[in-house]
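If you want the building blocks of each chain, they are given just below.
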Amino acid sequence: IMRLQPNITSIVPADAKQAENALLKTWNNPNPIYYRLSKGTNKSIANLNGAFDLGEINQISTGNDLVFISMGGIVEEVEKAAEILSKKGIKSSILIVSSFNPSPVNDLINILPKYKLAITVEAHYAVGGLGSMVSEVVAENKIPCRVIRSGIKGVVDDITGSREFMNSRFGISADKIVETALQYLK
């Protein structure tokens, strides 16, 4: 929801190396910056190599059947889901969005027309964040691509658990992402 705050850049790195590069590239930015850092994962994201540029997308895989758009530490689950789908013959692209304000609107305008289905995955509320931004770009630019938003829906209650438990509960574990993709590819 920080995306909605005017004049505040939001940075959500996918792994530690990207977080390091984001800090190095933005430390002297004159405007306020909100960094949302994931914890509990030490995995490096394949093909990302720490790349970071404000307002740009990093594409880490290429496939024609669907595109995943994700940000932050949940990209790890998206990678796992894409691998499972690949074994079923479904090839997906993975796009990483690492910043809002500036947002990668032009990149999305150029990439999304290639796909009939885009699934956003975020460890955040599905409303107001990445999924909403992608939906707005699709609607405002009349892009013929269906957007499915995967994230926290509704109000978070008092049930807690491990990262794996919570990801599964909110439909953003690798297995749940695969289920969502298969459901909407039919």
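Going by the structure above, here's the rest.
The model shown is predicted, which means the values in this text are computed figures rather than measured ones. (Residues numbered from 1 in each chain as written. Predicted model: local features only at pLDDT ≥ 70, side-chain atom pairs only at ≥ 80, totals over all residues. Heavy atoms only, no water.)

Participant: Would you mind going over the pairing of strand S8 (residues 146–152) with me for this structure?
Facilitator: Side-chain direction in a regular strand flips from residue to residue, so the side chains alternate between the two faces of the sheet. Across the seven residues of S8, five count as buried, placing the element largely inside the fold. Sheet topology note: the strand S7 (residues 117–125)/S8 ladder contains six bridges and is parallel. Bridge assignment links Val121 to a residue of S8, and that residue is Ser150. (Buried < 20%, exposed > 50% of the residue type's maximum accessible area, 1.4 Å probe, protein only. Helix = DSSP H or I, 4+ residues; strand = E, 2+ residues; numbered from the N terminus. Pairing = 2+ DSSP bridges.)

Participant: Explanation requested: the sheet that holds strand S5 (residues 92–97) in the structure shown.
Facilitator: Hydrogen bonds between backbone groups are what pair the strands of a sheet, and the pairing can be parallel or antiparallel. The strand order across the open sheet formed by five strands is S3-S5-S4-S7-S8, and the pairing between neighbours is mixed. One side of each edge strand has no neighbouring strand; the edge strands of this open sheet are strand S3 (57–61) and S8. Averaged over neighbouring strand pairs, the angle between their axes works out to 25° when direction is ignored. Sitting on the sheet, helix H6 (residues 174–185) touches strand S4 (66–70), S7 and S8, and the angle it makes with S7 is about 150°. (Axes fitted to C-alpha atoms, helices over the stretch in contact; angles between N-to-C directions. Contact = heavy atoms within 4.5 Å.)

Participant: In this structure, what is going on with the packing of helix H2 (residues 75–87) against H6? I would like to understand it.
Facilitator: Angle between the axes and distance between the axes: these two values describe a pair of packed helices. At a minimum axis distance of 8 Å, the contact between H2 and H6 shows a crossing angle of 55°. Our classification of the angle between H2 and H6 gives oblique. For H2 against H6, the interelement crossing comes out right-handed. Contacts from Glu77, Val78, Lys80, Ala81, Ile84 and Leu85 in H2 reach Ala174, Asp175, Ile177, Val178, Ala181 and Leu182 in H6. When its residues are assigned to classes, the contact of H2 with H6 shows nine nonpolar, no polar and three charged. (Parallel < 35°, antiparallel > 145°, perpendicular 65-115°, else oblique. Left-handed = near helix turned anticlockwise from the far one by under 90°. Nonpolar A, V, L, I, M, F, W, Y, C, P; charged D, E, K, R; others polar.)

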